[in-house]
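Residues per chain, in single letters:
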Amino acid sequence: MSVPSVITALTPLSIMEANHPSTSSTDASATFEHELKDLIISAYGRGAAVEDTWEFPGPVSDAPNWRVTIEKVPPAERTYDPSLLEE
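Owing to the predicted nature of the structure, the values given are computational and were not obtained by experimental measurement.

Further remarks concern the pattern of salt bridges. Taken as a whole and assessed by the stated rule, the structure comprises one salt bridge. Between R67 and E55 there is a salt bridge, with its nearest N and O atoms 2.6 Å apart. With R67 in strand β2 (residues 66-70) and E55 in strand β1 (residues 52-56), this pair connects stretches of sequence that are twelve residues apart. In this structure R67 comes out as exposed when scored by relative accessible area, which is 58%. The exposure class of E55 is exposed, given its relative accessible area of 51%.

Calculation rules
Residues numbered from 1 in each chain as written. Predicted model: local features only at pLDDT ≥ 70, side-chain atom pairs only at ≥ 80, totals over all residues. Heavy atoms only, no water. Salt bridge = Lys/Arg side-chain N within 4 Å of Asp/Glu carboxyl O. Helix = DSSP H or I, 4+ residues; strand = E, 2+ residues; numbered from the N terminus. Buried < 20%, exposed > 50% of the residue type's maximum accessible area, 1.4 Å probe, protein only.

Take a look at the structure:
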């Protein structure tokens with residue numbers, strides 16, 4: 001699956017931005033959320049299976065490992081009739 005490599009490719013940029021002294025933790029979190037949202041929507045639009053769980057080990061033994069789960073949540077109300085798309 002190509003999605004984990006895309007996430008890995010974005011990680012150094014996000015870490016650099018998060019550790020930049022002029023960036024607050026709130027700004028870093030908002031940037032991370034925005035980049036992750038763009039990544040998921042873009043990958044889904046290109047046909048990637050983005051629903052999954054991934055485990056990423058930390059760079060050193062004392063760093064935390066990370067588990068990322070992406071789950072598709074259908075809208076509460078649809079604004080279109082899905083049967084029309086199937087015909």
